[in-house]
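One-letter residues, chain by chain:
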Amino acid sequence: MTLAPRVVVVHRRTELDELLARHGTRGQAAFFLSTRGRDLTEVEDRHLLQRKALATVLAAIPADWRRGAVEREDLPRFLFAPDDVVVVVGQDGLVANVAKYLDGQPVIGINADRQRNPGVLVRHDPNDTAKLLGGSKNVEDRTMVQAVADDTQKLVALNEVYIGQPTHQTARYTIRTADGRTERQASSGILVGTGTGATGWCRSAWLERHSAIVLPGPEDPALSWFVREAWPSPATATSLVEGIGAVTVTVESDRLVVFGDGLENDALRLSWGQTVNVGVADRTLRLVG
């Protein structure tokens, strides 16, 4: 007997949910916001948009299909099946949050609020859900980045990984590029990003320094990297601060961390002398276009 497909709906708590969890009642939440010059109405409006989008998506799932739902905070504990179809309802960043837990499952991004979300990854309207689930899917295989430490710790991300101090203070290390160049550095850390990440943190670094390197596209099997605020000294240099390709970093601090897509609480922890290799991941995000 063949099991019906399973649709897993991924979402996150709204700002209103978080305010009520913290303050207990709408009145207390409204008072808290008013002391900061904000109105609860705008928060409630966004909450309703999110709930309406979720309801529309759930109603579009065929009655004979299996279904599941998971909040962002529970993703590390959720077991995705190989044949799941994943529907992300919310912001672009939520697709990046779920990507590291997948291995080939198609992802449909649903934009709950087009007035606020750019829609780079959540590009579909809730009303399109039934069509997207029912027909053949145009899928983009988006490159991901992975960091592998010499003690077998491994981390995968969709946008970028950050290597540096957990406090974002000065990190000390030796960097080695794919073409064999090496340099000892002291900096605010290193960003290594994909073509998808080239629209976010890496693009910010690229724009800030008026870089001439060509950033990769989302499906290009290539990475860009940028060193943040490299500091010259008698022991450290600043000639290798950006490039295309993989990098290897050898730690020269008591503690450095590596985290992906801004999730600082899910990080590799490295100590003096350890090495981490950052390159193209062996899997991709299969994003439904």
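The rules behind these values
Residues numbered from 1 in each chain as written. Predicted model: local features only at pLDDT ≥ 70, side-chain atom pairs only at ≥ 80, totals over all residues. Heavy atoms only, no water. Helix = DSSP H or I, 4+ residues; strand = E, 2+ residues; numbered from the N terminus. Buried < 20%, exposed > 50% of the residue type's maximum accessible area, 1.4 Å probe, protein only. Contact = heavy atoms within 4.5 Å. Areas by Shrake-Rupley, 256 points an atom, 1.4 Å probe, with all protein chains shown as cover. Lys, Arg positive; Asp, Glu negative; His and termini not counted. Charge placed at Lys NZ, Arg CZ, Asp CG, Glu CD. Salt bridge = Lys/Arg side-chain N within 4 Å of Asp/Glu carboxyl O. Pairing = 2+ DSSP bridges. Axes fitted to C-alpha atoms, helices over the stretch in contact; angles between N-to-C directions. Phe/Tyr/Trp six-rings, centres within 6.5 Å; stacked < 30°, edge-to-face > 60°. pLDDT = per-residue confidence, 0-100. Arc of directions from axis to C-beta.

Observations regarding the overall build of the protein
Part 1: Looking only at helices and strands, the protein features six helices and 16 strands.
Part 2: Over its C-alpha atoms, taken along the principal directions, the protein stretches across nearly 65 × 55 × 35 Å.
Part 3: Expressed as a percentage of the 289 residues in the protein, the buried residues total 49%.
Part 4: Sequence separation of at least 24 residues holds for 66% of the intrachain contacts in the protein that already meet a minimum separation of 6.
Part 5: Surface summary for the protein: the accessible area is close to 14,000 Å², and the carbon and sulfur share equals 51%.
Part 6: In the protein, which carries 33 positive and 36 negative side-chain charges, the distance between the mean positions of the two groups comes to 2 Å.

Some words on the pattern of salt bridges
Part 1: Using the criterion set out here, one finds 16 salt bridges in the structure.
Part 2: A salt bridge links arginine 51 to aspartate 17, with the nearest nitrogen and oxygen atoms 2.6 Å apart. Of this pair, arginine 51 sits in helix α3 (residues 40-60) while aspartate 17 is found in helix α1 (residues 15-23), placing the two residues 34 residues apart along the sequence.
Part 3: For the salt bridge of aspartate 282 with lysine 154, the shortest nitrogen-to-oxygen distance reads 3.4 Å.

Concerning the side chain of asparagine 159
Part 1: Locating asparagine 159 in the fold gives a position in the loop between β6 (154-157) and β7 (160-164).
Part 2: Residue asparagine 159 is classed as buried on the basis of its relative accessible area, which comes to 18%.

Quick notes on the sheet that holds strand β10 (residues 190-193)
Part 1: Sheet architecture is open: six strands sit in the order β12-β11-β10-β7-β14-β15, paired in antiparallel fashion. Each edge of the sheet is formed by a strand with only one pairing partner; in this case those strands are β12 (242-244) and β15 (267-270). Here the strands of the sheet are splayed against their neighbours by 15° on average, with no regard to which way each runs.
Part 2: Note that β7 and β10 share four bridges and pair antiparallel. Looking at the pairing, glutamate 160 lines up with glycine 193 of β10.

Structural notes on unusual backbone geometry
Part 1: Of note in the backbone geometry, histidine 210 takes a positive phi value of approximately 55° without being a glycine.
Part 2: The topology assignment puts histidine 210 in the loop between α6 (201-208) and β11 (224-227).

A few points about the packing of aromatic side chains
Geometry of an aromatic ring pair is reported as the spacing of the ring centres plus the angle between the planes.
Part 1: The full count for this structure, using the stated rule, is three aromatic pairs.
Part 2: A ring pair is formed by tyrosine 162 and tryptophan 201, whose centres lie 5.8 Å apart and whose planes are at 15°; its orientation type is stacked. In this pair, tyrosine 162 sits in strand β7 while tryptophan 201 sits in helix α6, placing the two residues 39 residues apart along the sequence.
Part 3: Classification of tyrosine 162 as buried rests on a relative accessible area of 1%.
Part 4: Taken together, the ring pairs in this structure connect Tyr162, Trp201 and Phe259 into an aromatic cluster.

Focus: the confidence of the model for the protein
Part 1: Predicted confidence across the protein gives a mean pLDDT of 93, with 99% of residues reaching 70 or more.
Part 2: Put simply, helix α2 (residues 26-34) is where the protein has its lowest mean pLDDT, 89, and strand β13 (residues 247-251) is where it has its highest, 98.

Considerations on the side chain of glutamate 140
Part 1: Among the secondary structure elements, glutamate 140 is positioned in strand β5 (residues 139-149).
Part 2: Classification of glutamate 140 as buried rests on a relative accessible area of 17%.
Part 3: The contact partners of glutamate 140, leaving out residues within four places of it in the chain, are Arg123, Glu219, Leu285, Arg286, Leu287 and Gly289.

Remarks on α6
Part 1: For α6, the complete set of buried residues consists of Cys202, Ala205 and Trp206. Down the axis, α6 shows its buried residues gathered within 100° of arc, on one side only.
Part 2: Those residues of α6 hidden inside the fold are in contact with β7, β10 and β11.
Part 3: Positive backbone phi, approximately 55°, marks histidine 210, located one or two places after α6.

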